[in-house]
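These are the residues of each chain, in order.
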Amino acid sequence: MSTAHSPLVVRGAIRAPGDKSISHRALIFAAMASGPTRIRDILASADVHATAGALRAMGADIPALSADFVVHGRGIASLHSPESALDCGNSGTTTRLIAGLVAGLAGRAARFEGDASLSRRPMRRIAAPLAEMGARIDFEGADGHDGLPMRVHGMPLSAITYVNTHASAQVKGALMLAGLASGAGVTVLEPQRSRDHTERMLTARGVHLTVSDEGVVLPPAQVLTAVDVVVPSDPSSATFFAALAALADEGVLRLDNVCLNPTRTGAFDVLRRMGARLDIEEARTIGGEAIGTLVVFPAMLHATSIGGSEIPSCIDELPMLACVAARAVGETRITDAGELRVKESDRIRAVVENLRRLGVEVEELPDGMRIVGSQAALSGHVVTHGDHRLAMAFGILGALPGNRITIDDPGCVSVSYPTFWRDLAQAMGPASERAEPTAPRASAAEPLVIAIDGPAASGKSSTAQWVAQLLNVHHVDSGAFYRAMTLLAIGTGVPPEQWSPAEVLAQAHRITWRLTERSVLPLVDGSVQDEAMRDAPVTRQVSRVAQMAAVRHWVNDQVRAAGAATDVVVDGRDIGTAVFPFAALKVFLVADPWERARRRLIQRLERRPNDAEIAEETEALVARDGLDAAQSAPARDAITIDTTTVTQEEQVERIVALAKATRDRLRAL
Ligand code: S3P
C-alpha cells in the first residue's frame, strides 16, 4: 500500500476477455468436428486471430470472430494443405497446436512463419516427438535453429508414449491433436500437471481419455463431436487486475466470470500467500470449467517464495507477480521457472532489467529471480520487447500512486488483451473522482492527455503535431485510424456505396497500433501502411467511413487506449468532450472563417489565394460549421485560443506553456 500520494481507490467490476487457451482450442476443435459449434465470448485478440487464419487457410469455415458465432465443421479429413505459409504472428500456441494437427494429416503439409519473437522460440520440443510418431518436420532457418520458419509434413503416424521433461500444455496438446488426426494412440507423461483444457474439452466432445497426475492417455481411433463453447474470462488477464486491487489503497474490485480451473489459478494462491484477500463468489461450472467472480481487496503484502510444482499453474503470471513482489515487504524468490526464458521474450532477463531500470533491487537467477520489495517511488522507461504480459505487468505497476513509468510498446497488449488500457482506466475509477476532492481532474499516476479541438480548418492537426514534438510526447492522429479502416474496406472488394458499418468494422481486428518515437501509429495486419493509407482511393472514401457512428466509436476506443497508455496530444472532433472528458488540458482553437479559408487555400493551392477565392471558401466553411455545430462545440472547461491574428508558432508556444504548467501542477500532486 502507498500513502504518500492521493490514494488509489479501485472500484467496480472488470470482465477480462475470454481465455486464450480455451479460445484457440474452441476454434481448432470446431474445425475438426462435423457439424455446427456455437462459440460465445471468444477472445478476439491477435493470437486467436492467428489460429482462425491458419484454420481458414486449411479450408475450415471460420467466420469473423465476434461475441457469438457458429463454425460449421466438416470433419478432420476436410482440412487441406494451405496454399501459402501460415502466419502465426506472435502465437506459440497457434504454431504448436496446428503443427500437431498437420503432422497427423497424412499427405498434407504446411509452412509455419511468425514474427521475430515467435521465430526465436524453440520448436524441437514438438518436432522431436512428432517425428518419433512418423511425421517429417524441416526447420528452414539458419543451421541448428529449431524455430520458425518450419515445414510440417503430415504422415500416417504410429502410437507414442512420450515422457516430457517439463510440463507443457502446448506439447501435450500438439501430440494429442496429432493422435486425433491420425488415429494413433498417444500417452504424454509430465513431471507436473500442465493446464488441462485440451483434456476437458475433448472429454466434453465424446473423446475417451484417461487423465491422472502423471499425464494423459488418448486411445487410438477417436471421433470428436461438435459441442458449443462459452469461453470464460482468462485468469491470466484477470491476474493483472487482482494485482492492481491487492496493491491499491482503498476500495474493492470484482473480477467477473473468471476461469478458475485449478491448473490455472496458481497466481491467485500466490497473491493470497502474500497477504491479499481474494474471495470467490458465484462459483459455478460451465462447459467442464470452474468459473466464479473474484472479489479482491487491498492489503499489506509481504514477500514469498514461488517455485516447484506450482510454477506451471502460474507460469504466464510470473511477470506480474514479480512486479507485485517489488511492492511487497521483504525478499521474494522465484525459482524453477527456466521456461520463462523461452516465452514471448526472455521473461527472466526482461523483467529483471526493467525492474532494475525502475530502481528495484533485483537479481537474475538461472531459473528465476530475487526481488527486494520497497515502497520507494519507481520511475523509468520499460522496454517490453513486444511482450504483451510485460506491457501489462508494468502498466499495473505504473498505475500505482507515485510511480512514473513509461512503456515503449503499449499496443502489444493486443496479443491477449486488446482492451487492457481501457479496463485499467475503468478499474481506477473516473479520473475526476480519483484524486483528492480539492485536486485537479487528472492525477500524476495516469498519462497526460492534451486534447486539441476546433472547427474545420482551424489547424488542429498540424498544431497538435508540433506541440507533441516540443513536449516530447506522442501525437495521436485519429484520422490515420479512419484511413486504416478505409484501406481495409477497399480491400474487401465491396463497392464503397455498399459499405455497411458492420462490414467495415468486421476488419477492425486487423488494425493494431504501436508507439513510434513521436506518434501513435496504426498498423494494418501488423505492418505500417503509411503510403497506401495516404493514397487517393483512401482519401476519396475516408469521409464515408468517418461518418459511421460505429466506426467513430471504435476509433475513439483506440485513441482512448493510446491516451491511457502514454502521454499524448490528440486532436480531432469531440476529443475534449466525448473522447477525453477528463483530459488534463483542453484547447479549443478558433479563427475567423475568412482567416481559416485563407489558410486552407494556401495549403491547398500552394500560393496566395485572391479575395474572390477566399470569399467562396469562407462560404463553404461557414456552411460546414453549421453542419458540424454539434460536434465542434468546445468542452466547458476548454481554453479557447483565437488564432486569427497570431502565427502558428505563437499559438503552439501558448499551448506548450499551458501544457507545461499543467504537467508541473500534476507532478506536484
Ligand atoms: C498454453 C500453454 C502454456 C502457456 C501459454 C498457453 C496453452 O505454454 O504458457 O501461454 O494454451 O497450451 P507451455 O505449453 O509452453 O507451457
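Use the structure listed above.
Here is what the cut-offs are and how they apply
Residues numbered from 1 in each chain as written. Predicted model: local features only at pLDDT ≥ 70, side-chain atom pairs only at ≥ 80, totals over all residues. Heavy atoms only, no water. Helix = DSSP H or I, 4+ residues; strand = E, 2+ residues; numbered from the N terminus. Rg over C-alpha atoms; globule rule 2.2 N^0.38 Å. Buried < 20%, exposed > 50% of the residue type's maximum accessible area, 1.4 Å probe, protein only. Near = heavy atom within 4 Å. Polar contact = N/O pair within 3.5 Å; in protein donor to acceptor, adjacent residues only side chain to side chain. Areas by Shrake-Rupley, 256 points an atom, 1.4 Å probe, with all protein chains shown as cover. Axes fitted to C-alpha atoms, helices over the stretch in contact; angles between N-to-C directions. Parallel < 35°, antiparallel > 145°, perpendicular 65-115°, else oblique. Left-handed = near helix turned anticlockwise from the far one by under 90°. Contact = heavy atoms within 4.5 Å. Nonpolar A, V, L, I, M, F, W, Y, C, P; charged D, E, K, R; others polar. Phe/Tyr/Trp six-rings, centres within 6.5 Å; stacked < 30°, edge-to-face > 60°. Lys NZ or Arg CZ within 6 Å of the ring centre and 35° of its normal. Pairing = 2+ DSSP bridges.

Student: Give me the overall build of the chain: which residues, what numbers.
Tutor: For the chain, the helix and strand inventory stands at 24 helices and 30 strands. Relative to the compact-globule value of 26 Å for 669 residues, the chain shows a C-alpha radius of gyration of 27 Å, a close match. The dimensions of the chain, computed from C-alpha atoms along their principal axes, are 85 × 60 × 50 Å. The 669 residues of the chain split such that 57% are buried.

Student: Explain the site of the ligand residue by residue, including any values.
Tutor: Lining the immediate environment of the ligand, one finds Ser21, Arg25, Thr93, Ala167, Ser168, Ala169, Gln170, Arg195, Ile315, Asp316 and Lys343. The side chain of Arg25 places a nitrogen or oxygen atom 2.6 Å from an oxygen atom of the ligand. Residue Gln170 places a main-chain N or O atom 2.8 Å away from an oxygen atom belonging to the ligand. If the ligand stood free it would expose 390 Å²; the protein chains cover 94% of that surface. For the shell around the ligand, the secondary structure elements donating two or more residues are helix H1 (20–32) and helix H6 (169–182).

Student: Go over the packing of helix H11 (residues 347–357) against helix H12 (residues 388–398) with me, naming the residues and quoting the values.
Tutor: Interaxial distance between H11 and H12 falls to 11 Å at its minimum, and their mutual angle equals 30 degrees. Classified by the interaxial angle, the pair formed by H11 and H12 is roughly parallel. Crossing of H11 over H12 shows right-handed handedness. In this structure, H11 contributes Arg347, Ala350, Val351, Asn354 and Leu355 to the contact, and H12 contributes His388, Arg389, Leu390, Phe394 and Leu397. Tallied by class, residues from the contact of H11 with H12 come to 6 nonpolar, 2 polar and 2 charged.

Student: Tell me about the environment of Ala226, residues and numbers included.
Tutor: With respect to the secondary-structure elements, Ala226 resides in the loop between strand S12 (215–218) and strand S13 (229–230). It is 52 Å that separates the C-alpha atoms of Ala226 and Ser374, two residues lying 148 residues apart in sequence. Discounting chain neighbours no more than four positions away, the residues touching Ala226 are Ala33, Ser34, Gly35, Pro36 and Thr37.

Student: So what's going on with the side chain of Gln222? Residues and values would help.
Tutor: With respect to the secondary-structure elements, Gln222 resides in the loop between S12 and S13. A relative accessible area of 15% means that Gln222 is categorised as buried. At 2.8 Å, the side chain of Gln222 forms a polar contact with the backbone nitrogen of His208. Within polar-contact distance, the side chain of Gln222 engages the backbone oxygen of Pro219 at 3.5 Å.

Student: Which residues make up the packing of aromatic side chains, and what are the values?
Tutor: Tallying each qualifying case throughout the model produces 6 aromatic pairs. Ring geometry for Tyr417 and Phe420: centres 5.6 Å apart, planes at 75 degrees, overall edge-to-face. Taken as a pair, Tyr417 and Phe420 share a single burial class, namely buried. Following the ring pairs from residue to residue traces out a cluster consisting of Phe240, Phe241, Tyr417, Phe420 and Trp421. In this arrangement the basic side chain of Arg277 is found over the ring face of Phe297, its NZ or CZ atom lying 3.8 Å from the centre.

Student: Can you lay out the sheet that holds strand S11 (residues 210–211) for me, pointing to particular residues and giving the numbers?
Tutor: Taken in spatial order, the 4 strands make up an open sheet running S9-S10-S12-S11, and their pairing is mixed. Each end of this open sheet is capped by a strand with a single partner; those strands are strand S9 (160–163) and S11. Summarising the sheet, S11 and S12 pair through 2 bridges and their orientation is antiparallel. Across the sheet, the residue bridging to Thr210 is Val217, located in S12. Across the sheet, helix H5 (residues 124–133) lies against S9 and strand S10 (186–189), angled at about 155 degrees from S9, the strand it touches most.

Student: I'd love a proper account of unusual backbone geometry, names of residues and values included.
Tutor: For the peptide bond that leads from Leu148 to Pro149, omega is -5 degrees, which places it in the cis range. Relative to the assigned elements, Pro149 resides in the loop between strand S7 (136–139) and strand S8 (150–153). One non-glycine residue, Asn257, lies in positive phi territory at about 65 degrees. As for its placement among the helices and strands, Asn257 is situated in strand S15 (residues 253–259). Asn257 gets classed as buried once you look at its relative accessible area, which sits at 9%.

Any functional reading would require information beyond the geometric quantities listed.
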